[in-house]
Amino acid sequence: QVTPFELPAMVNAHSHAFQRDLRGAAERPAPEAHAADDFWSWREGMYALAGRHDPASMRDAAARVYAEMAAAGYGAVGEFHYVHHRPGGVPYEVPNAMAIAVAEAAVAAGLRIVLLPAAYHRAGFDAPPTPGQRRFCDPDVGTFLARVDALRAWAQGRAGVSVGVAAHSVRAVPAPWLEAIAAYADAHRLVRHVHAHEQPRELDECRAEHGVSPIELLRRTGFLGPRTSVIHAIHVEDRDLAMLADSGSIVVSCPTTEGSLGDGHFPALRHHDAGVRIAIGSDSNVRVDPFEETRELET
């Protein structure tokens with residue numbers, strides 16, 4: 001007789017639900033571009049997809065991928081959400097309409113969701129947002145945090161829904177925004193997330209603007225800490241690893257997406273040996289399978 005047993009559901013610590021519909025559409029260069037197929041060409045396809053969504057289509061896309069997550073063994077998802085406004089950047093009548101759409105889809109699929117509204121302001125140092133980024137962006141950090149306040153008020157008392165806060169990346173917001181978001185998260189005891197050290201170009205641009213790596217900038221601005229998740233952390237030096245470990249920060253590795261985008265190999269043993277906590281995420285949802293993520297970590 002075989003005794004049945006159950007495994008606890010896995011946590012998907014980093015998802016962009018809408019990107020699921022890039023499967024098979026963005027893993028090659030556009031024929032008219034004749035360019036190399038890499039993260040930066042993929043990003044243009046992602047912007048085009050994001051530009052086509054409204055709250056109804058966002059909920060539909062999220063419902064499909066969250067159903068996959070539930071079937072694959074995930075029980076909770078951290079939804080890193082940055083498609084906030086209308087395509088031109090004008091807010092919806094309900095400013096959090098897009099975030100509410102993904103939250104309702106998660107609950108309907110039987111998942112717990114932590115909404116992670118992400119701050120976005122610019123294309124890079126001294127560079128305004130591109131047309132594809134405008135619907136992600138807010139004019140100032142106070143406006144962004146006011147919308148987070150409203151989303152937290154909406155989520156209060158809703159079973160299965162909670163809210164954290166995020167900065168998209170160090171290239172998407174200036175350093176004072178990182179300080180303000182970290183202080184807000186501390187004041188309200190919220191988890192906070194940020195993309196960092198995914199691509200070498202990101203490191204070069206951060207050093208040119210700030211004179212330090214993204215992880216050191218996050219430490220300097222008070223963003224690191226035991227409630228902080230740093231997404232990717234692939235291209236890291238020993239100094240970066242020490243700062244992550246000393247702060248108690250979590251690194252979220254997303255191996256199937258990182259492989260799809262050619263980001264590089266996550267140095268799992270170096271993180272482990274340095275004492276850094278590690279979680280997994282499905283990120284772009286090119287594959288939704290927690291066992292494949294962990295298998296690729298071991299590989």
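Fair warning: this is a prediction, and the values are worked out from it, not measured in the lab. (Residues numbered from 1 in each chain as written. Predicted model: local features only at pLDDT ≥ 70, side-chain atom pairs only at ≥ 80, totals over all residues. Heavy atoms only, no water.)

J.: Which parts of the structure should I look at to understand the pattern of salt bridges?
T.: Enumeration over the complete set of coordinates arrives at 17 salt bridges. Here Arg122 and Glu209 are joined by a salt bridge, their closest N and O atoms 3.0 Å apart. Residue Arg122 is found in the loop between strand S3 (112-119) and helix H4 (141-155), and its partner Glu209 is found in helix H6 (residues 200-210); the two are separated by 87 residues along the sequence. Among the salt bridges present, the one from Glu237 reaches Arg207, with a minimum N-O distance of 3.6 Å. Highlighted residues: Glu237 in the loop between strand S7 (228-232) and helix H8 (238-247) and Arg207 in helix H6, separated in sequence by 30 residues. Taken together, the salt bridges that share partners define one network made up of Arg20, Asp21, Asp60, Arg64 and Glu68. (Salt bridge = Lys/Arg side-chain N within 4 Å of Asp/Glu carboxyl O. Helix = DSSP H or I, 4+ residues; strand = E, 2+ residues; numbered from the N terminus.)

J.: Hey, could you run me through the packing of aromatic side chains in this one?
T.: Each aromatic ring pair is specified by the distance between its two centres and by the angle formed by the two planes. Summed over the entire model, instances satisfying the criterion amount to 6 aromatic pairs. Ring centres 6.1 Å apart and planes at 85 degrees place the aromatic pair Phe18 and Tyr82 in the edge-to-face group. A residue pair is termed long-range when its members are at least 10 positions apart, and Phe18 in the loop between strand S1 (10-15) and helix H1 (39-51) and Tyr82 in the loop between strand S2 (74-81) and helix H3 (97-109) qualify at 64 residues. This pair shows no difference in class: Phe18 is buried, exactly as Tyr82 is. Residues Phe80 and Tyr82 carry aromatic rings whose centres are separated by 6.4 Å and whose planes lie at 75 degrees to one another, so their mutual orientation is edge-to-face. Judged by its relative accessible area of 1%, Phe80 is buried. Here the aromatic cluster, defined as three or more aromatic residues joined through ring pairs, consists of Phe18, Tyr47, Phe80, Tyr82, Tyr120 and Phe136. The ring of Phe223 has Arg192 lying over it, and the distance from NZ or CZ to the ring centre is 5.7 Å. (Phe/Tyr/Trp six-rings, centres within 6.5 Å; stacked < 30°, edge-to-face > 60°. Buried < 20%, exposed > 50% of the residue type's maximum accessible area, 1.4 Å probe, protein only. Lys NZ or Arg CZ within 6 Å of the ring centre and 35° of its normal.)

J.: In this structure, what is going on with H8? I would like to understand it.
T.: Since the α-helix packs 3.6 residues into each turn, any two residues three or four apart lie on the same face. Of all the residues in H8, the buried ones are Asp240, Leu241, Met243, Leu244 and Ser247. Buried positions in H8, seen along its axis, are confined to an arc of 160 degrees and lie on one side of it. Facing away from the buried side of H8, by more than 90 degrees, are the exposed residues Asp238 and Asp246. Close packing links the buried residues of H8 with helix H7 (214-220), S7, strand S8 (250-253) and helix H10 (268-274). Phi turns positive, to about 75 degrees, at Gly248, one or two residues after H8. (Arc of directions from axis to C-beta. Contact = heavy atoms within 4.5 Å.)

Worth remembering: the numbers are spatial, not functional.
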